[in-house]
Amino acid sequence: MKAIITSSGLSPNALLRDGVSQGWKSFVVALPSSNLTPRLFRSYLVGANQGYNCTIVEAACATTATPGLFKHMVITDGSISETFIGGNLGFNNPSKLVLEEAESVFGHSAQVACLVSIGAGQLGPLSLQHSDTKSMLNILGKIATNSEKAAEELMSQYKHISD
């Protein structure tokens, strides 16, 4: 992760909110292992629930941590320390969070002109051929990381908006 950040011209120790003065806004999602309530790691300031101003590398590792694939990420801020296990469990498609955050940051009357989701791939049909533990865990993992449900809900919610 550090090599990727460095190759883009940033210091691996750059903090998320180092760009606040430049005006760009971005966030990533990660889940703490203690309660699985999503945390937003923001590059900008908000009025409440600001969250950690960790390094870009720490935020990237927190959002990509995946049990069984990539190790968890511990982020410490002062006396508070949390372990993060990625953002893919339930938030593989964070489009709904993006819209909620846009309303929180820009106000209820602001309009989003365009929402682009590059997606995490289509899951395809799910079937359970065997009821053994391994098959059950496999299908539960697919359900937990399904990104299509969020896309379908948003399409239904905004179907009245023309192209």
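Just above sits the structure.
Residues numbered from 1 in each chain as written. Predicted model: local features only at pLDDT ≥ 70, side-chain atom pairs only at ≥ 80, totals over all residues. Heavy atoms only, no water.

(A) Representation of the overall build of the protein in the model. Across its full length, the protein carries six helices and four strands. Sequence-distant contacts, at least 24 apart, represent 56% of the contacts inside the protein between residues at least 6 apart. Just so you have it, the protein exposes about 11,000 Å², and 56% of that area is on carbon and sulfur atoms. (Helix = DSSP H or I, 4+ residues; strand = E, 2+ residues; numbered from the N terminus. Contact = heavy atoms within 4.5 Å. Areas by Shrake-Rupley, 256 points an atom, 1.4 Å probe, with all protein chains shown as cover.)

(B) Broad picture of the side chain of Thr 55. Take Thr 55: it is sitting in the loop between strand E2 (39–42) and helix H2 (56–64). Sequence-distant contacts of Thr 55, that is, excluding residues within four places in its chain, are made with Pro 12, Asn 13, Ala 14, Leu 15 and Leu 16.

(C) Molecular detail of the nonpolar core. Counting 14 residues, the largest nonpolar core has Leu 16, Phe 41, Tyr 52, Cys 54, Ala 62, Ile 75 and Phe 84 as its most contacted members. Of all the elements in the fold, those that place two or more residues in this core are H2 and strand E3 (73–77). Take this core: its biggest share by element is four residues, from H2. (Core = buried A, V, L, I, M, F, W, Y, C linked by side-chain atoms within 4.5 Å. Buried < 20%, exposed > 50% of the residue type's maximum accessible area, 1.4 Å probe, protein only.)

(D) Seen up close, the side chain of Thr 66. Among the secondary structure elements, Thr 66 is positioned in the loop between H2 and E3. On the basis of relative accessible area, Thr 66 is assigned to the buried category, the value being 15%. One polar contact links the side chain of Thr 66 to the main-chain carbonyl oxygen of Thr 64, over a distance of 2.9 Å. (Polar contact = N/O pair within 3.5 Å; in protein donor to acceptor, adjacent residues only side chain to side chain.)

(E) Representation of the pattern of salt bridges. Counting across every chain of the model gives two salt bridges. Note that Arg 39 is salt-bridged to Glu 82, the shortest N-O span being 2.8 Å. One end of the pair, Arg 39, is in strand E2; the other, Glu 82, is in strand E4 (residues 80–84), and 43 residues separate them in sequence. Accessibility expressed as a relative area gives 24% for Arg 39, which makes it partly exposed. (Salt bridge = Lys/Arg side-chain N within 4 Å of Asp/Glu carboxyl O.)

(F) Structural detail: the environment of Thr 55. The buried category is assigned to Thr 55, whose relative accessible area is 13%. Sequence separation of Thr 55 and Arg 17 is 38 residues, and the distance between their C-alpha atoms is 8.6 Å.

(G) Just the packing of helix H4 (residues 95–106) against helix H6 (residues 148–157), in detail. One can describe the packing of H4 onto H6 by two numbers: an axis separation of 9 Å at closest approach and a directional angle of 50°. If you check the angle between H4 and H6, you find them oblique. Here Ser 95, Lys 96 and Leu 99 of H4 lie close against H6, whose contacting residues are Ala 150, Glu 153 and Leu 154. Class assignment for the residues of the contact of H4 with H6 results in three nonpolar, one polar and two charged. (Axes fitted to C-alpha atoms, helices over the stretch in contact; angles between N-to-C directions. Parallel < 35°, antiparallel > 145°, perpendicular 65-115°, else oblique. Nonpolar A, V, L, I, M, F, W, Y, C, P; charged D, E, K, R; others polar.)

(H) Structural detail: the pairing of E4. Bridge analysis of E3 against E4 gives five bridges, and the strand direction is antiparallel. Note on E4: the bridge partner recorded for Asp 77 is Ile 80. Here E3 folds back onto E4, and the loop between the two strands holds two residues, one of which, Gly 78, carries a positive phi near 65°. (Pairing = 2+ DSSP bridges.)

(I) The environment of Glu 82, seen in detail. Residue classification places Glu 82 among the buried positions, given a relative accessible area of 13%. Residues Glu 82 and Pro 32, 50 residues apart in the sequence, show an inter-C-alpha distance of 6.4 Å. One polar contact links Glu 82 to Arg 39, side chain to side chain, over a distance of 2.8 Å.

(J) View of unusual backbone geometry. For Leu 36, which is not glycine, the phi torsion reads 55° and is therefore positive. Tracing the backbone through its elements, the reader meets Leu 36 in the loop between strand E1 (27–30) and E2. The partly exposed category is assigned to Leu 36, whose relative accessible area is 46%.

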